[in-house]
Each structure stands twice: as C-alpha cells, then as structure tokens.
Amino acid sequence: MNFWRVNFSPSLDSKEKHKIYREDSCLIRSSRSPRITEHPTDITVPRSEPATLNCKAEGKPPPTIHWFKDGQLVRTSPGDPKSQRVLLPTGSLFFLRVVHGKKEDDAGVYWCQATNEVGTVTSSNATLEIAVLRDDFRAVPVDTVVAAGESALLECVPPKGHPEPLVRWRRNGQVIKVPESHRHEVVDEGTLLIRHVQQNDGGQYTCEAWNLAGSKTTDPVNLYVHIKPSFLRGPKDTVTLTERKVEFECQVSGDPAPQVTWGRLRGPLPEERTEILDDHTLRIARVTAGDEDTYVCEAVNVVGTAKTNATLTVYTAPEFLVRPQDVKATAGSSAAFECLAVGRPPPLVVWSRQDDHNLLLPRQDTPSGEPGDQPNVWVNAEGTLIINQVRRELAGWYSCAAVSAAGSLGGAGAAGRAGADPPPAARHLRAAPQPDGDPGGRGPPGVPGGGRPRPQGHLDQGPPRPS
C-alpha cells in the first residue's frame, strides 16, 4: 500500500480538513502506478514480412503505451496515416511489413513506455533485425571427375546474409543426410567432402543456402566417378630363340575404357615385325637378338595411369669362331685342339673321342700337377683340348660340340670314322672336319642332337722321339 502526505491550508477548519482527507485517501488508495507485464524480445524478420514487438502493462488507471526506437518516438497509425506501424490495443507494436532500405529502416533497438497519472515505467530493450540473403554465391561447385576410392570436393561458399545462412546439399534432388553419413562432411563454409567415393555417388549435385530470408540454390553440377586402369592379365618375362614369334599379353579394365600403348625401354618397337592385337596383346615376329629389351604396357584413362612390363631375353644358337685344326705330334710331345664357340647364353664346349662315350668337360682351373691332379688329356676353360704327352693309343678322331639352352652345334651324327693306320714311318696327328651329319642323328653321349656338323680332329702319332 502506498502512503501519501497531505498538506492542508491553515484557513480550513477541522471539519473541512477531515472531509478533504477522507476524499483524498479514497482517491489515492484506488490508483496504482504502471507495471510492465510482458517485455518485448529480440526478433529477426525477413524484409517486407509482418512482425510484432509485444508489450503489455497494467496499472490504475490503465496506462497509455508509447514505443521508442533508438531513442525516438515511434509514429504509429492511425495517428500517422502513412505509417505501416500499428499500435495494438494490447500495447504491442505491429508492423504491416518490415522495411529495410536507405530512406526507411525498421531495424533498430525498441522499447515500450507505459504511463498513467500515477507514474511511468519503461520496458527492457529489444532489437529488431532484418533477415537478409544476398543473391550471389561466393563460390559455386563445378563438374568434377574423380576416381573410385579417392576423395571428392564440391566447393560452395554461400551468399552473405543475416543470420549467417546454413548450407545443405542435394544429390539428384534428394537432401544428403550429412550427419548420418561417415563418408560425407561439409567443410569450410559449405564445401562438400566425399571420402572413399563409390560409383553410386555419381550424379547431379546442388548446393542450397538458406536462412529466415529465404533460400538460394546453385545450378546443378555433375560428379563423374570413374575407375582407374588396372591389369587383368599382364605380360610375363619370356625367353626365346631368334626367328621365333613372341607375344606379350596386356588385358586391362577401367572406366572409361583405358587407352593401351606399348613401348620398350631402349629404342622404338620394330614396326615392320610388330602387331598389336584387338585384346592389346603385343606380337613380335621373327625375333632378333636386337629385340632383347624390357617391354612396357601402359593403360591410361581420365582418372589414372597404370604400367606393367616384362623382359624379353633372346637366345642365339652356338656358333663356332675357331674350329679344331689338324695337329701333327711325335710321341711324348704335347698337342692341343682349339675349339671356340659363342652364343647366348654362352655355350659349353665339350669334347669326345671316337669310340669313347665319356665326355671331356672344361676345367675352370689349370691342373696343379699334384698327385691325383695330373690328367694327360683335359679341356681348359676356353674349350681347348690339351694332350700333355702324346701316346700311340691316343691317336684317333676327336670332336668338339658347343651346347647351350639355345641348342647345340656339332651334335649331329656320331664321331667321324678314324682313318686307316698310316705306315710306321709316317705316323702323325691329323685333324679334318667331319662330313655333314644327318639332321636326325645323335651327338656325343649326353649332348642333344642338332643337325649341324660337329668339328672333329684326327690324331695320328709319328715315330717316337729319340732318347
């Protein structure tokens, strides 16, 4: 209860003072100062949309409510017929449409004031903000090509706006539920990150920015998901002989279908002898030693490149550079038959004697002369047959053969026939080539047959040396 002090004029008598006191006391007890029962609150409103700032007050007598914006009295209808602001009977301020422009702007700080004859009270402040969303995106997505299994980034930076616009993405018109996906994430200000892209991620994507002022959407862009090239079947290292045909496979997969090309590490392909088949197999006809190289198959599409290779090793059949020549020696002297062959891989030169099925193989060292290492007939590392001491029983035909993985040379037919014994005064060492062998014949024991003559030497012993 409010108490008031009443001052009386000295000229009034006691009865008049009592009467006035009673009337004033009744009047004071029936009045009450204003009280705000509902304060306005901050609001954000799209431009040109209606809005209401609430304000309610009570008091006796009922208070009159006025509104202020940024310290200035708000002119309302019907007091101002041109105003689009209306003071409702409850005291709230109603905007027929919120204005946001250079000449007039409803954005600002508002409060209401309730007044009656007893007093005045002011509400708390409330801010009215205008929601805005600009037209242009600051960055928009573009068509993107990505390989399956990699990550894709679709860039999007929304237009400026207030409140700050939110971003959501759609694929083929359907909202992508980013929070529920372990592969999708919106990063930076709105860019869509897709991890471990799958083929079914391909499609049309749009970026949508929205706030209270509305929404804006980018033009649709395409995400193309392709598969890097890979090899279903690749070439294998190959060993072949000259004049043969070789093929290197190269079967690939990928989306789009990769372009396949062949090359070699050293020099171009032999075009006149090279053919690439429909399944990308490389075929080389009439192989030569110069074709030995590493061959590379390369598969390329828009999302990647794959390479694989294989080595071609070309073997050449043995060929004699030095053939054994006739040798004359006296008893007790030494003799040697040279036999040098080349090829790839390097051939092994072996010797055999007529009617003797044992092969003589090269030694990698020179006999030491120690007991147990004193051979009279042996072959050195270069393939030369050496007879340390010529004896009568060693006379006869000797033949050499060159053997490798590429074939054998001189392995056709058996050892040549030994010549008739010469007269006692004319014994000597002779060497002569063997006549052409039968292509279907056999070489020395343990040596594959070939079909080419095997160089042979004939050893004849002369008279013994005088003691």
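For the structure itself, consult the block above.
Residues numbered from 1 in each chain as written. Predicted model: local features only at pLDDT ≥ 70, side-chain atom pairs only at ≥ 80, totals over all residues. Heavy atoms only, no water.

Here we look at the overall build of the protein chain
Defined as follows: For the purposes of this entry, the term helix denotes a DSSP run of H or I that reaches at least four residues, the term strand denotes a run of E that reaches at least two, and both are numbered from the N terminus. A simple rule labels every residue: compare its accessible area, found with a 1.4 Å probe on the protein chains alone, to the largest value its type can have, and call it buried under 20%, exposed over 50%, or partly exposed in between. Where accessible areas are quoted, they stem from the Shrake-Rupley method and a 1.4 Å probe; at the residue level, only the protein chains shown are allowed to cover.
Per the secondary structure count, the protein chain includes 1 helix and 39 strands. Going through the 467 residues of the protein chain one by one, you find that 40% of them count as buried. Looking at the protein chain as shown, the accessible area adds up to about 26900 Å², and 50% of this sits on carbon and sulfur atoms.

Points about the state of the cysteines
Our working rule: Throughout, disulfides are identified as pairs of cysteine sulfur atoms within 2.5 Å of each other.
Under the counting rule described, the total for this entry stands at 4 disulfides. Two residues, Cys55 and Cys112, share a disulfide whose sulfurs are 1.9 Å apart. Here the S-S torsion is close to 70°, and the disulfide linking Cys55 with Cys112 is therefore right-handed. Taken together, the residues Cys55 in the loop between strand E3 (51–53) and strand E4 (56–60) and Cys112 in strand E9 (residues 108–115) connect sequence positions 57 residues apart.

Quick word on the environment of Ile227
Formally: The contact criterion used throughout is that any non-hydrogen atoms of two residues lie within 4.5 Å.
Relative to the assigned elements, Ile227 resides in strand E21 (residues 221–233). Put simply, Ile227 and Pro258 are 31 residues apart on the chain and 9.6 Å apart in space, counted from C-alpha to C-alpha. Ignoring anything within four residues of it in the chain, the contact list for Ile227 reads Ala148, Gln199, Gly254, Asp255, Asn301 and Val303.

Brief notes about the sheet that holds strand E13 (residues 152–154)
Within a sheet, neighbouring strands are paired by backbone hydrogen bonds and run either parallel or antiparallel to one another. For clarity, the threshold we go by: Pairing between strands is defined by DSSP: at least two bridges between the two strands are required. Angles run from 0 to 180 degrees between N-to-C directions of axes, and those axes are lines fitted to C-alpha atoms, restricted for helices to the stretch in contact.
Here we have 3 strands laid out as an open sheet, ordered E13-E18-E17, and antiparallel in their pairing. On the outer flanks of this sheet lie E13 and strand E17 (184–187), each paired with one strand and no other. Between one strand and the next, the sheet's axes are offset by a mean angle of 25°, whatever the strand orientation. When E17 meets strand E18 (residues 191–194), the two strands line up antiparallel, connected through 4 bridges. Its bridge partner lying in E18, Glu185 is registered against Leu193.

Looking at a nonpolar patch on the surface
Threshold: Patch building starts from residues that exceed 30% relative accessible area and form no salt bridge, then joins like charges within 9 Å and nonpolar side chains (Val, Leu, Ile, Met, Phe, Trp, Tyr) within 5 Å. What counts as a salt bridge is simple: a side-chain nitrogen of Lys or Arg found within 4 Å of a carboxyl oxygen of Asp or Glu.
Judged by side-chain polarity, Val145, Tyr224 and Val302 come together as a nonpolar surface patch covering roughly 280 Å² of accessible area. Summarising the element assignment, Val302 is placed in the loop between strand E28 (293–301) and strand E29 (304–322).

Overview of the pairing of E21
Examined bridge by bridge, strand E12 (residues 144–147) and E21 share 4 bridges and lie parallel to one another. Within the sheet, the bridge partner assigned to Val145 lies in E21 and is Tyr224. Two strands pair when backbone bridges link them, and strand E19 (residues 203–211) and E21 are joined in this way by 3 bridges, in the antiparallel orientation. Across the sheet, the residue bridging to Gln204 is Asn222, located in E21.

A short note on the sheet that holds strand E31 (residues 335–337)
The strand order across the open sheet built from 3 strands is E31-E36-E35, with neighbouring strands paired in antiparallel fashion. Of all the strands in the sheet, the pair left with one neighbour each is E31 and strand E35 (377–379). The sheet shows a mean angle of 20° between the axes of neighbouring strands, direction not considered. Here 3 bridges tie E31 to strand E36 (residues 385–387), and the two strands are oriented antiparallel to one another. Counterpart to Phe337 in the pairing with E36 is Leu385.

Side note on the nonpolar core
Going by this rule: Buried Ala, Val, Leu, Ile, Met, Phe, Trp, Tyr and Cys residues form a nonpolar core when they are joined through side-chain atoms within 4.5 Å.
Core analysis: the biggest nonpolar cluster contains 19 residues, and Leu53, Trp67, Leu93, Phe95, Val98, Tyr110 and Leu128 have the highest contact counts within it. For this core, the secondary structure elements donating two or more residues are strand E2 (43–46), E3, strand E5 (64–69), strand E8 (93–95), E9 and strand E11 (126–133). If sequence neighbours within four positions are ignored, Leu128 has contacts with Ile43, Leu53, Phe95, Val98, Asp106, Ala107, Gly108 and Tyr110.

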